[in-house]
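If you want the building blocks of each chain, they are given just below.
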Amino acid sequence: MAASQTPSSPQAAPLVPREPFLTKRRAFSIVGLIIFLGFFAIPIYQTILLEMWDSPRQLTQQIVIGLTKGTYIAVIALGYTLVYGILELINFAHGDLFMIGAFLSLIFISLFGLDPKTSSGITIFFSLLGILGLVMLCTAFLNAGIERFAYRPLRNAPRLAPLISAIGMSFVLQNVGIFLGDGLIWDKIADGLGSDAIGRVADAMGTQSVAPKNIPDLLPNGQVFFIPDSLKYTYKDLLVAVVSLGLLAGLYSFVRFTKLGKAIRATAQDRDAARLMGINADRTISVTFLIGGALGGAAGMIVGLYNGTALFSMGFTAGLLSFTAAVLGGIGNILGSALGGLLIGLILALSDQYIGTRWSNAVIFAILVLILLFRPTGLLGQEGGQKA
Amino acid sequence: MLQLQNVHTYYGNIHALKGISLEINQGEIVTLIGSNGAGKSTTLRTISGITPPRTGQVLFEGKTLNSVPAHKIVSQGISQSPEGRRIFANLTVRENLEMGAFTRNDKAEIASDMDRVFELFPRLKERVAQRGGTLSGGEQQMLAIGRALMSRPRLLLLDEPSMGLAPVLVDLIFEIIQNINNQGTTILVVEQNALMALGIAHRAYVLQTGVIVKAGDAATLREDEDVQKAYLGME
Ligand SMILES: Nc1ncnc2c1ncn2[C@@H]1O[C@H](COP(=O)(O)OP(=O)(O)OP(=O)(O)O)[C@@H](O)[C@H]1O
Ligand SMILES: [Mg+2]
């Protein structure tokens, strides 16, 4: 009797041995791939490679821009990965939270009356910093609120229920975006309060609530001096990359080194065991949503300013891209998702340039499928489900 | 110190504990034995607040724990090393121990308690930076017990500490349990290895399908014919 039971800890290393690399399934895919590449893709390939070879400057340009975009895709991807890590929930609303972030920044920019022509650089710099903080605060609490009211009541329901709830929240947020984008409503409020500031918001939104909104070009457009003239890399690009990388580094150190961050990882790995340690699982989950929300909002502001536009449906596209990035790198794994973001940015830029913008989504998903074929858990995801 | 009074616990419709009453006094080692599915783990989970009782009372030092959430029970002085170890696989050994001390803020004291755990389990010290999931089963068990000690519990709940261990390690673990008790921690231990458990315990309860069917001195129960037949594998 006694010690005859085998330990059944779900955290233990995988009991199933690693399958050999060349399984039948993979052999088939590889053969298929070779046939495909040989007959159809090689001609396309050749032209692409030749084109890359012809102009190294253009290639470098695309790589640099791709990596820059990759940094903010990574920031959004982390929102998916954090929530997935702790709840195994794909938070479909995260992309739309990002969109709300863009709208909120436009609203604050208008309220503050920032204008690239009349405001001084210092004013713009500090106002944007303040606005970034405000936007992150708003989206953080919005996200935590969504968790509290739309996901938590379904915590013990079948998996599908919170997923549907997340899709629902995604639509709700899009409608909030349409509502925020309605200049006529802002006009009425402005008239009612006699407020010029709110009037500026109304002007920024215009009369068409679903139309794209222009965000003033407040970021510096000068060429970064240490990048050779032949490459176009502006301070705007640099700023986006630096702020995004800062957010990534901040999040990573938080989760890795702080007590609360460790509690988040512990809760992600085994919620009941975490509770036995005295960790308040509900509070930890709330904190995770606060952080994810702040990141999503920040990314919304960064992208909004970078592209100079906000649209109520922008969260869908960006969300899909970032979610793909998270899966590509290993969803639930922070470093993996960040890496996935950079890769997706890179692939996107190269594909836009050499294959054509309209093919980019197909290219991204083809690469995703290929990678998942060989590493089903993503690039850095571990078998048995590495989390957080 | 701890009292369960007519405790009923359910998993949905499954009636797992059907009116359990038991008592643990300061300084004791008490063991809970019983066959698979008897409700031993559920009893510990009920005390820790993971599966709170539907009716009945759980009293710790005179105060009810019934509606205290699981995460607040640790700071009251009760911690548990759960069945199956439940180590945080992707946290290092050190981080696992830190999580054990989650409710505490006294950095220096935590460090000295960690040293104490390393004294009990030198193997863990050699592996501080290793991820919990890469430890051997026995090492994980040591980590689970060490982690539970990090909250400085007055009452330590151990669920099958010898599960899956080699006989030498089983002896070692039981020796260490006795050590911990000698240093002043009250212990409630659930064991499949009833012989060993009765060997170190002062008192014991026998659980059968959610009901306590026998209670008494560990030494007496060890001589009990029914107990010998059912749990000690003697004819
Ligand atoms: N999560 C759960 N959901 C439903 N029923 C459960 C759950 N956990 C335990 N049970 C049931 O409750 C009863 C008691 O289980 P418990 O785990 O307490 O037994 P145990 O005495 O610890 O057994 P073992 O020696 O196998 O660990 C069993 O009938 C079991 O099937
Ligand atoms: Mg059990």
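Predicted model, so just to flag it, every value in this text is computed and none were measured. Per chain, residues are indexed from 1 in the order of the written sequence. Ligands are numbered from 1 and chains lettered from A, in the order in which they are written. Local features in this predicted model are restricted to residues whose pLDDT is 70 or higher, and side-chain atom pairs enter the listing and the counts only when it is 80 or higher, whereas totals over whole chains, interfaces and linings include all residues. Just so you know, side-chain values use all the structure's heavy atoms and leave hydrogens and water out.

**Student:** I keep staring at the overall build of chain B and nothing clicks. Help me out?
**Tutor:** Comment: elements are numbered from the N terminus, with helices defined as DSSP H or I runs of at least four residues and strands as E runs of at least two. Within chain B one finds 10 helices and 10 strands. Taken over C-alpha atoms, the radius of gyration is set against a globule rule of 2.2 Å times the number of residues to the power 0.38. Relative to a compact globule of 235 residues, whose C-alpha radius of gyration would be 18 Å, chain B shows 17 Å and is just as compact. Considered along the principal axes of its C-alpha atoms, chain B spans approximately 45 × 40 × 30 Å. Within chain B, the proportion of its 235 residues that are buried is 57%. Pairs of residues are marked as contacts when any of their non-hydrogen atoms sit within 4.5 Å. Sequence separation of 24 or more characterises 67% of the internal contacts of chain B that already satisfy a separation of 6 or more. Residue exposure (1.4 Å probe, protein chains only): buried if accessible area is under 20% of the type maximum, exposed if over 50%, otherwise partly exposed.

**Student:** Would you mind going over the overall build of chain A with me for this structure?
**Tutor:** Along chain A, the regular secondary structure elements total 14 helices and 2 strands. The C-alpha radius of gyration of chain A comes to 23 Å, within 12% of the 21 Å expected for a compact globule of 388 residues. Judged by the C-alpha coordinates and their principal axes, chain A covers about 80 × 60 × 35 Å. Taken across its 388 residues, chain A has 48% of its residues classed as buried. Partitioning the contacts of chain A with sequence separation of at least 6, the portion at a separation of at least 24 is 73%. Using a 1.4 Å probe, accessible areas were evaluated by the Shrake-Rupley method; residue-level cover was limited to the displayed protein chains. Just so you have it, chain A exposes about 18,500 Å², and 69% of that area is on carbon and sulfur atoms. All tallies of charge rest on Lys and Arg as positive and Asp and Glu as negative; His and the ends of each chain are not included. For charged residues, the charge sits on one atom: NZ in Lys, CZ in Arg, CG in Asp, CD in Glu. The average position of the 26 basic charges and that of the 20 acidic charges among the side chains of chain A differ by 11 Å.

**Student:** How should I be thinking about the sheet that holds strand S10 (residues 211–217) of chain B in this particular structure?
**Tutor:** Strands in a sheet are paired, the pairing made by backbone hydrogen bonds, and the direction either parallel or antiparallel. Residues and elements named next belong to chain B. The strand order across the open sheet built from 6 strands is S6-S7-S8-S3-S9-S10, with neighbouring strands paired in mixed fashion. Each edge of the open sheet carries a strand with a single partner, namely strand S6 (78–81) and S10. Across the sheet, the mean angle separating the axes of adjacent strands is 15° when strand polarity is ignored. Whether two strands pair comes down to DSSP finding at least two bridges between them. The pairing of S6 with strand S7 (residues 155–159) spans 4 bridges and is parallel. Within the sheet, the bridge partner assigned to serine 79 lies in S7 and is leucine 156. Between N-to-C directions, angles span 0 to 180 degrees; the directions come from axes that are lines fitted to C-alpha atoms, helices contributing only their stretch in contact. Contacts between helix H7 (residues 167–182) and the sheet are confined to strand S3 (29–33), S7 and strand S8 (186–190), with S8 contributing the most and set at about 155° to the helix.

**Student:** Would you take a moment to explain the interface of chain B and chain A for this structure?
**Tutor:** Often, the extent of an interface is quoted as the loss of accessible area upon association of its parts. Contact residues are listed per partner, giving 41 residues for chain B and 28 residues for chain A. Here the quantity called buried area is the accessible surface, traced with a 1.4 Å probe, that two parts lose on coming together, added over both. Per-residue buried area on chain B facing chain A is highest for B:His71, B:Phe88 and B:Phe102; these three make up 21% of the total on that side. Basic side-chain nitrogens of Lys or Arg form a salt bridge, by our definition, when they fall within 4 Å of a carboxyl oxygen of Asp or Glu. Taken together, chain B and chain A are joined by 4 salt bridges. Linking B:Glu95 and A:Arg265 is a salt bridge whose minimum nitrogen-to-oxygen distance equals 3.0 Å. Identification of polar contacts relies on pairs of N or O atoms within 3.5 Å, with a donor-acceptor requirement for protein atoms, meaning one able to donate a hydrogen and the other able to accept it, and with residues adjacent in sequence counted only if both atoms are side-chain atoms. Scanning the region where chain B abuts chain A turns up 9 residue pairs in polar contact (both at pLDDT 80 or more). Per element, the largest residue contribution to the side of chain B that touches chain A is 4 residues, and it comes from helix H3 (residues 93–100) of chain B. The residue inventory of the side of chain B that touches chain A, partitioned by class, reads 16 nonpolar, 16 polar and 9 charged. Each residue gets one of three labels, nonpolar for Ala, Val, Leu, Ile, Met, Phe, Trp, Tyr, Cys and Pro, charged for Asp, Glu, Lys and Arg, and polar for the others, Gly among them.

**Student:** I'm lost on the sheet that holds strand S5 (residues 63–64) of chain B in this one. Help?
**Tutor:** Residue and element names in this part refer to chain B. Strands sit in the order S2-S1-S4-S5 across an open sheet of 4 strands; the sheet is antiparallel. A single partner strand is all that each edge strand has here, and the edge strands are strand S2 (14–24) and S5. Examined bridge by bridge, strand S1 (residues 2–11) and strand S4 (residues 55–60) share 5 bridges and lie antiparallel to one another. Opposite histidine 8, over in S4, you have threonine 55 as the bridge partner. The strands that helix H1 (residues 40–48) touches are S1, S2 and S4; relative to S1, the one it contacts most, it runs at about 110°.

**Student:** Any chance you could explain the coordination of the magnesium ion (ligand 2) here in plain terms?
**Tutor:** The reference angle at a metal is 109.5 degrees if four donors form a tetrahedron and 90 or 180 degrees if six donors form an octahedron. Residue and element names in this part refer to chain B. Note that water is not among the atoms used; donors are N, O and S atoms within 2.8 Å of the metal (3.2 Å for Na, K and Ca), so sites may look incomplete. Those donors, Ser41 (OG), Glu83 (OE) and Glu83 (OE), are the protein atoms that reach the magnesium ion (ligand 2), and they lie 1.9 to 2.7 Å from it. In this pair, serine 41 sits in helix H1 while glutamate 83 sits in the loop between S6 and H3, placing the two residues 42 residues apart along the sequence. The class of glutamate 83 is partly exposed, set by a relative accessible area of 34%.

**Student:** What exactly am I supposed to notice about the site of ligand 1 here?
**Tutor:** All names here are of chain B. Close contacts around ligand 1 come from 14 residues, with Lys40, Ser41, Thr42, Glu83 and Gln192 the closest. Here an oxygen atom of ligand 1 and a side-chain polar atom of serine 41 are 2.6 Å apart. With respect to ligand 1, the side chain of glutamate 160 contributes an N or O atom lying 3.4 Å from an oxygen atom. Within the complex, the protein chains bury 64% of what would otherwise be the 630 Å² of accessible surface of ligand 1. Looking at the shell around ligand 1, the elements with two or more residues in it are S2 and H1. When residues in the shell around ligand 1 are grouped by element, the largest group, 3 residues, is from H1. Whether a residue is near a molecule or strand depends on its heavy atoms: it is near if one of them lies within 4 Å of it.

**Student:** Even after reading the chapter, I still don't get the pattern of salt bridges, so can you show me in this structure?
**Tutor:** Close approach of charged atoms allows side chains of opposite charge to pair. In the structure shown here, the tally under the stated rule is 21 salt bridges over all chains. Two residues, A:Arg155 and A:Glu147, come together in a salt bridge whose shortest N-O distance is 2.7 Å. In this structure, a network of salt bridges that share partners links the residues B:Arg104, B:Asp106, B:Glu109, B:Asp113 and B:Arg152.

**Student:** Explanation requested: the environment of A:Phe108 in the structure shown.
**Tutor:** Residue and element names in this part refer to chain A. Following the sequence through the fold, phenylalanine 108 ends up in helix H3 (residues 94–112). Taking C-alpha positions, phenylalanine 108 is 8.2 Å from valine 201, a pair spaced 93 residues apart along the chain. Setting aside anything within four residues of it in sequence, one finds phenylalanine 108 in contact with Ile131, Leu134, Val135 and Cys138.

**Student:** Would you take a moment to explain the side chain of A:Asp182 for this structure?
**Tutor:** Mapped onto the secondary structure, A:Asp182 falls in the loop between helix H5 (160–180) and helix H6 (183–193). Buried within the structure, A:Asp182 lacks any salt-bridge partner; its nearest side chain of opposite charge belongs to A:Lys213, at an N-O separation of 7.5 Å.

**Student:** When you look at the pairing of S7(B) in this model, what are you seeing that I'm missing?
**Tutor:** Two faces, one strand: in a regular strand the side chains alternate between the faces of the sheet. All names here are of chain B. Across the 5 residues that make up S7, a large majority, 5, are buried. Going residue by residue along S7, you find Leu155, Leu157 and Asp159 tucked away on one face and Leu156 and Leu158 tucked away on the opposite face as well. Pairing of S7 with S8, which is carried by 5 bridges, proceeds in the parallel orientation. Its bridge partner lying in S8, aspartate 159 is registered against valine 190. Crossovers are marked right-handed if the path from the first strand over the helix to the second runs clockwise, as seen with the strands pointing away from the viewer. For the segment spanning S7, H7 and S8, crossover handedness is right-handed.

**Student:** Would you take a moment to explain the packing of H6(A) against helix H7 (residues 196–205) of chain A for this structure?
**Tutor:** Axis angle and axis distance: for two packed helices, these are the angle between their axes and the distance between the axes, and together they describe the pair. Residues and elements named next belong to chain A. One can describe the packing of H6 onto H7 by two numbers: an axis separation of 8 Å at closest approach and a directional angle of 165°. Compared by their axis directions, H6 and H7 come out roughly antiparallel. In this structure, the crossing between H6 and H7 has a hand that is left-handed. Within the contact between the two elements, H6 uses Gly183, Trp186, Asp187, Ile189, Ala190 and Leu193 and H7 uses Ile198, Gly199, Val201, Ala202 and Met205. A class-by-class count of the residues in the contact of H6 with H7 yields 8 nonpolar, 2 polar and 1 charged. Each angle receives one of four descriptions, namely roughly parallel if under 35 degrees, roughly antiparallel if over 145, roughly perpendicular if within 65 to 115, and oblique otherwise. Each crossing gets its handedness from the near helix: less than a right angle anticlockwise from the far helix is left-handed, clockwise is right-handed.

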